[in-house]
Protein chains: 2
Amino acid sequence: MDVLVVGSVALDTIETPQRTVEEVLGGSASYFAYACSLFAPVRLVGVVGTDFDKKYIKQLQKRGVDTSGLDVREGRTFRWHGCYFDHGDRRETVRVEPGLMADFEPDVPEEFRDSGFVFLANCNPSLQLHVANQVGQGAVVFADTMDLWIETQREDILELLGRIDGLILNDQEAEHLGGTTDLVAAAMKISGMGPGTVIVKKGSHGALMLVEGDVVSFPAYPMCEGVCDPTGAGDSFAGAFMGMLAREGKLTSGTAKQALVCAIVVSSFCIEKFSLERLAEISMEDIEERYESCRRMLTIGPLGAEE
Amino acid sequence: MDVLVVGSVALDTIETPQRTVEEVLGGSASYFAYACSLFAPVRLVGVVGTDFDKKYIKQLQKRGVDTSGLDVREGRTFRWHGCYFDHGDRRETVRVEPGLMADFEPDVPEEFRDSGFVFLANCNPSLQLHVANQVGQGAVVFADTMDLWIETQREDILELLGRIDGLILNDQEAEHLGGTTDLVAAAMKISGMGPGTVIVKKGSHGALMLVEGDVVSFPAYPMCEGVCDPTGAGDSFAGAFMGMLAREGKLTSGTAKQALVCAIVVSSFCIEKFSLERLAEISMEDIEERYESCRRMLTIGPLGAEE
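Residues numbered from 1 in each chain as written. Chains lettered and ligands numbered in written order. Predicted model: local features only at pLDDT ≥ 70, side-chain atom pairs only at ≥ 80, totals over all residues. Heavy atoms only, no water.

K.L.:
Explain the relation of the copies chain A and chain B to me, please; I cannot follow it from the model alone.
P.N.:
A rotation about an axis combined with a shift along that same axis relates the two copies of the chain. You can overlay chain A on chain B at an RMSD of 0.0 Å; the transform is a turn of 180° with a shift of 0.0 Å along its axis. Such values leave the two copies arranged in the relation of a two-fold axis. Take the interface residues of chain A: 100% of them recur as interface residues in chain B, which is what a same-surface contact looks like. (Least-squares fit on C-alpha atoms with pLDDT ≥ 70 in both. Contact = heavy atoms within 4.5 Å.)

See below:
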């Protein structure tokens, strides 16, 4: 089944203690699409300016991403400049230049409206709702959000939550939205606002998922000093998750658990190199290898019986 | 096989936002023994004063703990007074009264020296080494430590690490001892200092284990606002871990993984009530239930195949 993603396509400047890269391909929809396309066909809706290098569009197309919903307009592409400290645990935004994203009012092309799975990347929740209302009622719709909207547009978020099937957010956002530092309790409260599935990303501590009433907690893929650039970890996580659901064709507790491990594995690759470099290199074989290694790690026999 | 624990038996005063309890049974060896005795016979070495209520000794004995190594001497029992904030994530020590623990020089009774598994609870590392040298070479010896010793007695810790099979410590301590905030790298560095097994406790984020060269990461048992008193979580974790190893009779990658899940499960019970109250209630059946629920949660099928 096809996956539709609506979000930003950007030019990123990224500083880490080791190196700085300038104006590389970034944006939530780009990371999502790269990761998702490893599992299922992706349709992308976004906007870039005439300053956007066409080679990036070709790269997306080479991965099978349908870019016919990427609006190329007179103006400047969204630019983000960030700086990482402390093994990537701490991030500072140096500069944001919204460019054409400032007036982004996404319209889903007619031929994308039958998408089985939809991801509304982080964006003003009223725009996310606008998109959710354009796709079929049968679609499985997930969204991301951020602290800014929780702070300033809580009403819009609550309306959005009533319309979507799943919310993917990080631990700080979950605490903020759920009103408690207890993440299981926060996820339950958020689920009570609408979405049956809530996924809380905990960075190097893995992820927590509430699905069909079950609480599922998985550790991160154990990495040893392999973090190069954490940018896009969350969006590639969401891309792999939605891609795996689409590949399986349904959202159940079982498919969501497998998809969650795929999400953890793909985001572990994402952060090993700058920008989309590592995601461009890996294949399903690489994913299977780490997935299997997670599966071996997490498999325990019944109490007292050997594996 | 029998498990020997050498550590503190204390009287704790604990303040939480909900309630304060005064002079209840505490100490690393008490928590360890309560948890461990659910899995295997325990032998305890420690010291208390004549002010120590004999009912606590009877309670330990009722759990099958051999208290013949608990020295009851003229003087004051070790007292600890702590205060918790923020769902137990933050702790402040209000007062410590070392009492007889100040001059604690543990001697392992002759009849305890054949113990198959030995746990050296947090204590001055030179004393831990003194104990380690009193038990048989065939014993599986694990130890705990704390920031204070890493700071002030690094040489003694390094000597201890050369003698023991495993070290159990928390994330902050592992970062401190390993010299990096990357916990997998820190665990590897610590293992390079001697112990084949290193376990890093991450509180509500679970635990990381290095065993026989394998990296194993498990999430915490998902709890929803169930934390009453975090005191003893780490010592009951260690008690269940060593108890399960002793029950299986050997330390291998397989038994250590099962023991790690038992440790996570038992510490999740420990923090549900004050002091040792909850550990005194639970049975192997309760442990099996949570263990099975962890096993179900962590079980995923091969990629794309239903469970």
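Having seen the structure, we can now continue with the description.
K.L.:
Even after reading the chapter, I still don't get the pairing of strand β5 (residues 65-73) of chain B, so can you show me in this structure?
P.N.:
In regular strands, side chains alternate between the two faces of the sheet. Residues and elements named next belong to chain B. Strand direction decides the pairing type here: strand β4 (residues 42-49) and β5, joined by seven bridges, are parallel. Bridging from a neighbouring strand, valine 45 pairs with glycine 69 of β5. With helix α2 (residues 54-62) bridging β4 and its parallel neighbour β5, the resulting β-α-β unit is right-handed. (Pairing = 2+ DSSP bridges. Helix = DSSP H or I, 4+ residues; strand = E, 2+ residues; numbered from the N terminus. Right-handed = clockwise from strand over helix to strand, strands pointing away.)

K.L.:
What am I meant to see in the interface of chain A and chain B here?
P.N.:
One frequently used descriptor of interface size is the decrease in accessible area upon assembly of the parts. The interface of chain A with chain B comprises 47 residues on the first partner and 47 residues on the second. Here chain A meets chain B over a buried area of about 3,800 Å², counting both sides, of which 56% is carbon and sulfur. When the area that chain A buries against chain B is broken down by residue, the three leading residues are His205(A), Ile300(A) and Leu303(A), summing to 19%. At the surface where chain A touches chain B, the tally comes to zero salt bridges. At the boundary of chain A and chain B, one finds 16 residue pairs in polar contact (both at pLDDT 80 or more). Going through the elements one at a time, α7 (183-192), β13 (214-218), α8 (233-248), α9 (253-270) and α11 (284-298) of chain A are the ones with two or more residues in the side of chain A that touches chain B. (Buried area = accessible area lost by both parts, 1.4 Å probe. Salt bridge = Lys/Arg side-chain N within 4 Å of Asp/Glu carboxyl O. Polar contact = N/O pair within 3.5 Å; in protein donor to acceptor, adjacent residues only side chain to side chain.)

K.L.:
Can you help me understand the pairing of strand β12 (residues 207-211) of chain A in this one?
P.N.:
Residue and element names in this part refer to chain A. Among the five residues of β12, five are classified as buried, and the element is accordingly described as predominantly covered. Of the two faces of β12, the one holding Ala207, Met209 and Val211 and the one holding Leu208 and Leu210 are both buried throughout. Across four bridges, the pairing between strand β11 (residues 197-201) and β12 is antiparallel. What sits directly across from isoleucine 199, in β12, is methionine 209. (Buried < 20%, exposed > 50% of the residue type's maximum accessible area, 1.4 Å probe, protein only.)

Honestly, it's all geometry; don't read function into it.
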